[in-house]
Amino acid sequence: MKTRRSASGRWIQDWEPENEEFWELSGKKIARRNLVMSVLSEHIGFSVWSLWSVLVLFMSPEIGLGFAPDEKFLLVVIPTLVGAALRLPYSYAVTRFGGRNWTVFASVALLVPTVLAFIFIQRPGTPLWVFLLIGATAGVGGANFASSMTNITIFYPQRHQGWALGVNAGGGNLGVAVIQILGLLVIATAGNTHPSYVIAVYLPLIVIVSVLSALRMDNVEAVRAEPGALREAAASRHTWWISVLYIGTFGSFIGYGFAFGLVLQSEFGSTPLEAASVTFLGPLLGSLARPFGGKVADRWGGARTTVWTFAGLAAGTCVLLLASRAGSFALFVAGFTLLFVLSGFGNGSTYKMIPAVFAREAEEAITSGAGAPQAFARARRVSGAVIGIAGAVGALGGVAVNLAFRSSYQGGGGGDMAFLCFLGFYALCMLILLRVYLRSGSTEQSTPSPARPRTSHVR
């Protein structure tokens, strides 16, 4: 392995994670160090992205911010939408500027939404449009996910990517739960009139993570995108099928994470303390489940794992319908927690499908006479681009979830209409998996070539 110093930071050349000797001697240690820093940066990013899901619980006439429920749902929609829109350019940026360099920039950028929220949340009478603009800047926290995942993909061999991507994303997703726990602690100790206390915790953390990323991370030459990678990815049908599936898994996770507290207030009239007391549990368990979704997919195949996940999501949605009609708070929370766990698990298994599908295409190309280095280099290049596209499209599912809740609860209505929409979408995702990836005779079902027996594939 060779390295050189440049004005933009340290670059690693000749990175060969698929080389067993290189991986065991030095690659594993370097990859693990970058993974740790990537998780920390992404974790803070997710916390900033989901900041408004906590701040809306504090917004009341008591602090001069008496917004209606539909206005609060809008406040959590805007960061989700902007975060989804920025994921694609963020995914490309890491291939242009390097993983270390972009992580430092993306971490520092989190100060903008955090400082603005800290200032204006303490000003009674601030109009809604100001908070909508500030919420839009929080979208940069959600975009961190795409650049982080694209960067980490290159550090790990394909046989370990399900677990590595699961750990990276799961650690980031934990940011949703952690900021909600912090909101609970503030409400329980200082009351529900001090939202600035929640924000203040993150100001020094952002600075610390930015500095550590600059000191501990590496840029990898191999992650640089060749011209046309996005076009190649966009031309593949797998990109769009997987993007739809990711709407169902990650879109559910982030959408439910942002909306859960408001749903409890709308459905059961919960106080801020009652809502905050349970909203953290689902995102926490869902984030912890994500690495295991990747791990199970490494063993059993991404498509097979994901189809059972969607069956569970459909069952959990039926539980919510029953709980809503029965007026059972405990059953409702239990059903929502199940959805969080399954959506987190499905996030890991769906993302595992990306490198596996294109590794299988590379194997088929080699069988047809293509050169192995070129075929697998293309698979890594296209996989990175697909991660960006799927991450961006999948995050739009969070927008759809919150818009569905906003429409369903508008005018004092219940949540049944939204839950029925989710149920129909989960059925569609199951159909895609069964018809495209699990049907008898599909290329994804075939046995891996003897030349690469350790390469996982979608089954």
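The rules behind these values
Residues numbered from 1 in each chain as written. Predicted model: local features only at pLDDT ≥ 70, side-chain atom pairs only at ≥ 80, totals over all residues. Heavy atoms only, no water. UniProt positions renumbered as here; feature names shortened; annotations may be inferred. Helix = DSSP H or I, 4+ residues; strand = E, 2+ residues; numbered from the N terminus. Rg over C-alpha atoms; globule rule 2.2 N^0.38 Å. Contact = heavy atoms within 4.5 Å. Areas by Shrake-Rupley, 256 points an atom, 1.4 Å probe, with all protein chains shown as cover. 1 Å grid on protein atoms, 1.4 Å probe; cavity = no way out; pocket = protein on both sides within 12 Å on 5 of 7 lines; lining within 4 Å. Points joined across faces, edges and corners; volume = space filled by probe spheres on them.

As named in an unreviewed UniProt entry, the chain is NarK/NasA family nitrate transporter, taken from Streptomyces rhizosphaericola. In its Sequence similarities (unreviewed entry) section, the UniProt record describing the chain reads: "Belongs to the major facilitator superfamily. Nitrate/nitrite porter (TC 2.A.1.8) family." UniProt lists a comment for the chain under the heading Subcellular location (unreviewed entry), and it reads "Membrane".

Peer 1: Help me understand the overall build of the chain, please; the structure alone is not making it clear to me.
Peer 2: Scanning the chain from terminus to terminus reveals 17 helices and three strands. On C-alpha atoms alone, the chain measures out to a radius of gyration of 22 Å, which is about the 23 Å that the 2.2 N^0.38 rule sets for 459 residues. Dimensions of the chain, computed from C-alpha atoms along their principal axes, come out at roughly 70 × 55 × 35 Å. Put simply, 82% of the contacts in the chain that link residues at least 6 apart link residues at least 24 apart. Surface accessibility of the chain: about 17,000 Å² in total, with carbon and sulfur atoms responsible for 66%.

Peer 1: Which parts of the structure should I look at to understand the environment of P124?
Peer 2: On the secondary structure map, P124 appears in the loop between α5 (111–120) and α6 (128–137). Counting along the chain gives 65 residues from P124 to M59, while the straight-line C-alpha distance between them is 10.0 Å. For P124, the contacting residues outside a window of four places in its chain are I63 and G64.

Peer 1: Which parts of the structure should I look at to understand empty space enclosed by the protein?
Peer 2: Empty space among the atoms becomes visible once a probe the size of a water molecule is rolled across them. For the coordinates displayed, the defined rule picks out four cavities of 30 Å³ or more. Of the volumes computed, that of the second largest cavity is approximately 80 Å³. What lines the second largest cavity is S38, S41, E42, V94, G99, W102, T103, A106, N144, S147 and S148. Examining the composition of the lining of the second largest cavity, we find that four residues originate from one element, helix α4 (residues 99–109), more than from any other.

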